[in-house]
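The chain contents come next:
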Amino acid sequence: MRYIFIVLCLTACAAERQPGDLFGSVEEGSELVVDGILIVDQTLPELFVRRILPPGQTYSRDAAGVSDAQVLVFQGDQIFEYAPDPVAPGRYLPPLEAPLVQTTTEYRLEVDVEGKKVRARTTTPERMQVRRVVLLDEDTQEIMRTLKSFAEVGDEVYAAPENQLTHLEGIIEIHLEKAGEAYQAALFTLDEDAQLLDEDFIEIYDRDREDLRANQSPPFAASDGIVRWPWFAVVYTGRSLIKVYAVDHNWFEYARASPDQQEQGGFGGLAGENFERPFFQVEGGIGLFGSASVDSVGFVVLPRP
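Quick look at the structure, then. (Residues numbered from 1 in each chain as written. Predicted model: local features only at pLDDT ≥ 70, side-chain atom pairs only at ≥ 80, totals over all residues. Heavy atoms only, no water.)

## Some words on the overall build of the protein
Okay, step 1: Each helix and strand counted, the protein has seven helices and 17 strands in total.
Okay, step 2: Burial statistics for the protein: of 305 residues in total, 51% are counted as buried.
Okay, step 3: A separation of at least 24 residues holds for 72% of the contacts in the protein among residues at least 6 apart in sequence.
Okay, step 4: As displayed, the protein has an accessible area near 14,800 Å², and 46% of this comes from carbon and sulfur atoms. (Helix = DSSP H or I, 4+ residues; strand = E, 2+ residues; numbered from the N terminus. Buried < 20%, exposed > 50% of the residue type's maximum accessible area, 1.4 Å probe, protein only. Contact = heavy atoms within 4.5 Å. Areas by Shrake-Rupley, 256 points an atom, 1.4 Å probe, with all protein chains shown as cover.)

## Looking at the pattern of salt bridges
Okay, step 1: Considering all chains together, one arrives at 11 salt bridges under this definition.
Okay, step 2: The residue lysine 117 makes a salt bridge to aspartate 112 at a minimum N-O spacing of 2.7 Å.
Okay, step 3: Residue classification places lysine 117 among the partly exposed positions, given a relative accessible area of 33%.
Okay, step 4: You can call aspartate 112 buried: its relative accessible area is 18%.
Okay, step 5: Between arginine 131 and glutamate 177 there is a salt bridge, with its nearest N and O atoms 3.7 Å apart. Of this pair, arginine 131 sits in strand E9 (residues 129-136) while glutamate 177 is found in strand E12 (residues 171-177), placing the two residues 46 residues apart along the sequence. (Salt bridge = Lys/Arg side-chain N within 4 Å of Asp/Glu carboxyl O.)

## Quick word on the sheet that holds strand E10 (residues 143-146)
Okay, step 1: The strand order across the open sheet formed by four strands is E10-E9-E12-E15, and the pairing between neighbours is antiparallel. Each edge of the sheet is formed by a strand with only one pairing partner; in this case those strands are E10 and strand E15 (226-229). Pairwise comparison of adjacent strand axes, ignoring direction, gives a mean angle of 30° for this sheet.
Okay, step 2: In this sheet, E10 lies alongside E9 in antiparallel orientation, the contact comprising three bridges. Across the sheet, the residue bridging to leucine 135 is arginine 145, located in E10. (Pairing = 2+ DSSP bridges. Axes fitted to C-alpha atoms, helices over the stretch in contact; angles between N-to-C directions.)

## Describing the packing of aromatic side chains
Okay, step 1: Overall, the coordinates contain three aromatic pairs when judged by the stated rule.
Okay, step 2: Taken together, a centroid distance of 5.4 Å and an interplanar angle of 40° make the contact between tyrosine 245 and tryptophan 251 tilted. We note that tyrosine 245, like tryptophan 251, is buried.
Okay, step 3: When the ring centre of phenylalanine 74 is taken as reference, the NZ or CZ atom of arginine 108 above it lies at 4.5 Å.
Okay, step 4: Geometry around tyrosine 158 places arginine 239 over its ring, the cationic atom sitting 5.5 Å from the centre. (Phe/Tyr/Trp six-rings, centres within 6.5 Å; stacked < 30°, edge-to-face > 60°. Lys NZ or Arg CZ within 6 Å of the ring centre and 35° of its normal.)

## Brief notes about the nonpolar core
Okay, step 1: Within the largest apolar cluster, 25 residues are counted, with the highest numbers of intra-cluster contacts made by Ile172, Ile174, Leu176, Trp229, Ile242, Val244 and Phe299.
Okay, step 2: Looking at this core, the elements with two or more residues in it are E9, E12, strand E13 (182-189), E15, strand E16 (238-247) and strand E17 (286-302).
Okay, step 3: Discounting chain neighbours no more than four positions away, the residues touching valine 244 are Met128, Ile174, Leu176, Tyr183, Gln184, Ala185, Ser293, Val294 and Asp295.
Okay, step 4: If you look at the next biggest cluster of nonpolar residues, it comprises 23 residues, including Leu32, Leu44, Ala69 and Val73. (Core = buried A, V, L, I, M, F, W, Y, C linked by side-chain atoms within 4.5 Å.)

## Some thoughts on the side chain of aspartate 191
Okay, step 1: Position of aspartate 191 among the secondary structure elements: in the loop between E13 and helix H5 (200-205).
Okay, step 2: Judged by its relative accessible area of 18%, aspartate 191 falls in the buried class.
Okay, step 3: Within the structure, aspartate 191 has its side chain in polar contact with the side chain of arginine 239 (distance 2.7 Å). (Polar contact = N/O pair within 3.5 Å; in protein donor to acceptor, adjacent residues only side chain to side chain.)

Here it is in C-alpha cells:
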C-alpha cells in the first residue's frame, strides 16, 4: 500500500517545490500536514503528522516530523488513540487492539498540536473484488484465455500456465465488482533480478530504474467495471502484481488534482486535468486522510521470442 501512496505523497514535502506553489504563502511552521490511508479489511494504519518547512530549507522527514501531537481516530462511539513512534519523528502508531477497517463506515481524524486542531473524515468504500482477468486478442477482441486468480489458487497464480503472458501479446482486461466512486491501479515488479524489457524506456521517459519497478495509473471512473492495463506500462519481465484500488472521495480528489500527477501523468496522460493546486479534504491543515478497498491480479511477463 505504501508504494502507491508514495506516488500520491504530498508535493509540499518535496525539496524542489515551495509551499506557496501549492496553497499560497504560509507562515513558517504554521501548516500541518497529515498523511493516512485506511484499507478495508486491514488494521488501522500508521499515520503521519508533519509541518511545512520554510522555503529554501532542504526537506527531511525528521526535521518536518511533529512528535508531540495528540492523534485520535473515531469510528462511531469508539476512539482510538495513537502513540508517537519514538524512533520516527512524525509517525504515529495505532493501538495494539485496533480492529480491521470496516466497509462503508465513516472514520474521523483529529490531530491536536499545541491547541491547533486538524480534522478530516473519510467514508470507506464497499469491499472491492476482481471478478476475472482475461487476455483478449488485440484484433478480434475475443478472449484468448482466462487467468487464474488469487482466490482460486493463491500464490500459485505465478506458476499457472494461463498466467504466463508474453510481452505485447494480447490485451490484459480486468473485470471488477464495482465498489467505489473511482479507481486507481498500480503494477509492481516482484523479482529483484527482473530484466528490463526495453533499455530505451529509461532514456525516453527519463526515469530511474527503481522508479520503474512500480508504475501507477491516473484515477479513473471505470463505469463499466472494466480496466485494461496497457503493455507500455509493463517495463520488466518476471512476476508482476497489479493492485486495483476502489478509492474514496478524498483520495480521488487529491489524486486527480495533484501537481505531481500532472507532471508524471501516470501511464494515461494528464491525471491532474490542469488543476493549479491539489484538493485537500482537511480542516485546519493539508494532506490526505482517505480510504480504499483493494484486490490484486498476479501474472508472469515473458520476453518476446
